[in-house]
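Listed below are the residues making up each chain.
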Amino acid sequence: MSGRFISFEGPDGAGKTSVLNNIRQALINQLGTQVLYTREPGGNQIAEQIRAVLLDKQNTAMDDWTEAFLYAASRRQHVVQTLKPALEAGKLILCDRYLDSSIAYQGGGRNLGVDKIWELNQYAIDGLLPDLTIFLDLPVETGLARIEKGRAETINRLDEQTVNFHRRVRQAYLTLQERFPDRIVKINADQDLNQVIEDVHRAIHARYDDLFTK
Ligand SMILES: Nc1ncnc2c1ncn2[C@@H]1O[C@H](COP(=O)(O)OP(=O)(O)OP(=O)(O)O)[C@@H](O)[C@H]1O
Ligand SMILES: [Mg+2]
């Protein structure tokens, strides 16, 4: 496979989607149609249908393991139908969340165990790991405050359980980064968005030097 695969990870409100919206366009301008932007859960029709089940606010009764299997199932479809063919076609993939999100949220946040979620996802990823993961890191309260902004309520109203869940998510990401320091590059997301975008650009250019030298 000749393509490249970059995933974007980090806690809620870290700025993954904001950064991607910017750099995706910049990379398309530089590299043309060879750039594929996609996201998880979802990324193709079947995987997006699974996403709808996962994000349906009425599904409050969903069991934690059911959730973990659905994320893995949607990932499997994404890998087989979208990601691997794109890599074979030599594309540069930009993916908003991937495997590490399951490790952090289901393994860490939901306490299902990082190793078990890793194992479960081996069936989904079929050996496909990103060659670069941009991990946007910031304090949990800052990320949650960004998301709450614009709504009437403030961070003070978030219950302790919610905050603790997100603390475990962040901690799992930090541990993953320490375990895979070559693949996962940590970026300080607690700064001005333009600065975050610049840092992400720098990390991508540093890793894929050959892509950008004319
Ligand atoms: N560096 C930044 N400084 C201040 N606000 C930011 C920054 N980055 C993003 N935001 C704002 O924070 C909110 C969340 O950003 P965004 O949706 O990009 O985060 P995300 O990581 O994709 O979150 P989620 O995990 O929920 O999808 C948005 O309102 C966005 O405008
Ligand atoms: Mg997002």
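In every chain, residue numbers begin from 1 and rise along the written sequence. To label them, take the chains in the order written and letter them from A, then take the ligands in the order written and number them from 1. Side-chain atom pairs in this predicted model are given and counted only at pLDDT of 80 or more, local residue features only at pLDDT of at least 70, and totals for whole chains, interfaces and linings cover all residues. Think of the side-chain values as coming from all heavy atoms in the structure, minus any hydrogens and water.

One broad rule of soluble globular proteins: the nonpolar side chains tend to lie buried together. Ranked by size, the top nonpolar core spans 29 residues in total, and within it Phe5, Leu83, Ile93, Tyr98 and Leu128 carry the most contacts. Where helices and strands are cited, they refer to DSSP runs of H or I of at least four residues and of E of at least two residues respectively, numbered from the N terminus. At the level of elements, helix 3 (64-88), strand 3 (92-96), helix 4 (99-109), helix 5 (114-125) and helix 7 (160-179) are the ones that each hand at least two residues to this core. Residues are treated as being in contact if the distance between any of their heavy atoms lies within 4.5 Å. Not counting residues up to four positions away in its chain, the partners in contact with Leu83 are Phe5, Thr38, His78, Ile93, Tyr98 and Leu128. Nonpolar core, defined: a set of buried Ala, Val, Leu, Ile, Met, Phe, Trp, Tyr and Cys residues in which side-chain atoms within 4.5 Å join the residues together. Partly exposed describes any residue whose relative accessible area lies between the buried limit of under 20% and the exposed limit of over 50%, with all areas from a 1.4 Å probe on protein chains only and scaled to the type maximum. Among the nonpolar cores identified, the runner-up in size contains 23 residues, and Phe8, Leu27, Leu94 and Val196 belong to it.

On to helix 4, then. For helix 4, the tally of buried residues reaches 11 of 11 residues, placing the bulk of the element in the interior. Taken together, the buried positions of helix 4 are Leu99, Asp100, Ser101, Ser102, Ile103, Ala104, Tyr105, Gln106, Gly107, Gly108 and Gly109. Looking at the buried side of helix 4, the elements it contacts are strand 1 (4-9), helix 3, helix 5, strand 4 (132-137), helix 7 and strand 5 (184-188). Trailing helix 4 by a residue or two, Asn111 shows a phi angle of about 65°, which is positive.

We now examine the packing of aromatic side chains. In this scheme Phe, Tyr and Trp rings, the latter by its six-membered ring, pair at centre separations within 6.5 Å, and the angle between planes marks the pair as stacked below 30 degrees, edge-to-face above 60, and tilted otherwise. For the coordinates displayed, the defined rule picks out six aromatic pairs. Seen in terms of ring centroids, Tyr105 and Tyr173 are 6.4 Å apart; in terms of plane orientation they differ by 85°. Their pairing is edge-to-face. Here Tyr105, found in helix 4, pairs with Tyr173, found in helix 7; they are 68 residues apart in sequence, far enough to count as distant. Geometrically, the ring pair formed by Phe135 and Tyr173 is stacked, given 5.2 Å between the ring centres and 25° between the ring planes. Of this pair, Phe135 sits in strand 4 while Tyr173 sits in helix 7; the two residues are 38 residues apart in sequence, bridging distant segments of the chain. Of the two residues, Phe135 and Tyr173, both sit in the buried class. Through a chain of ring-to-ring contacts, three or more aromatic side chains come together here, namely Tyr105, Phe135, Phe165 and Tyr173. Above the plane of the ring of Trp118 lies Arg179, whose end atom (NZ or CZ) is 5.6 Å from the centre. Only lysine NZ and arginine CZ atoms are considered, and such an atom sits over a ring when it is within 6 Å of the ring centre and within 35 degrees of the ring normal.

Let's shift gears to the environment of Tyr37. Within the secondary structure layout, Tyr37 lies in strand 2 (residues 35-39). Sequence spacing of Tyr37 and Thr175 is 138 residues, and the spatial spacing of their C-alpha atoms is 27 Å. Not counting residues within four places of it along the chain, the set of residues in contact with Tyr37 comprises Leu20, Arg24, Leu94 and Asp96.

Looking now at the pattern of salt bridges. Salt bridge, as used here, is a side-chain nitrogen of Lys or Arg placed within 4 Å of a carboxyl oxygen of Asp or Glu. Evaluated as defined, the whole model comprises 12 salt bridges. Note that Asp100 is salt-bridged to Arg183, the shortest N-O span being 2.8 Å. Pair noted here: Asp100 is in helix 4 and Arg183 is in the loop between helix 7 and strand 5, with a separation of 83 residues, a long-range link. In terms of burial, Asp100 and Arg183 fall into one category: buried. As a salt-bridge pair, Asp199 and Arg202 come within 3.6 Å of each other at their nearest N and O atoms. Of this pair, Asp199 and Arg202 both sit in helix 8 (residues 193-207), three residues apart, which is roughly one turn of the helix. Salt bridges sharing partners connect three or more residues here, namely Asp64, Glu67 and Arg110.

Read these as geometric descriptors, not functional statements.
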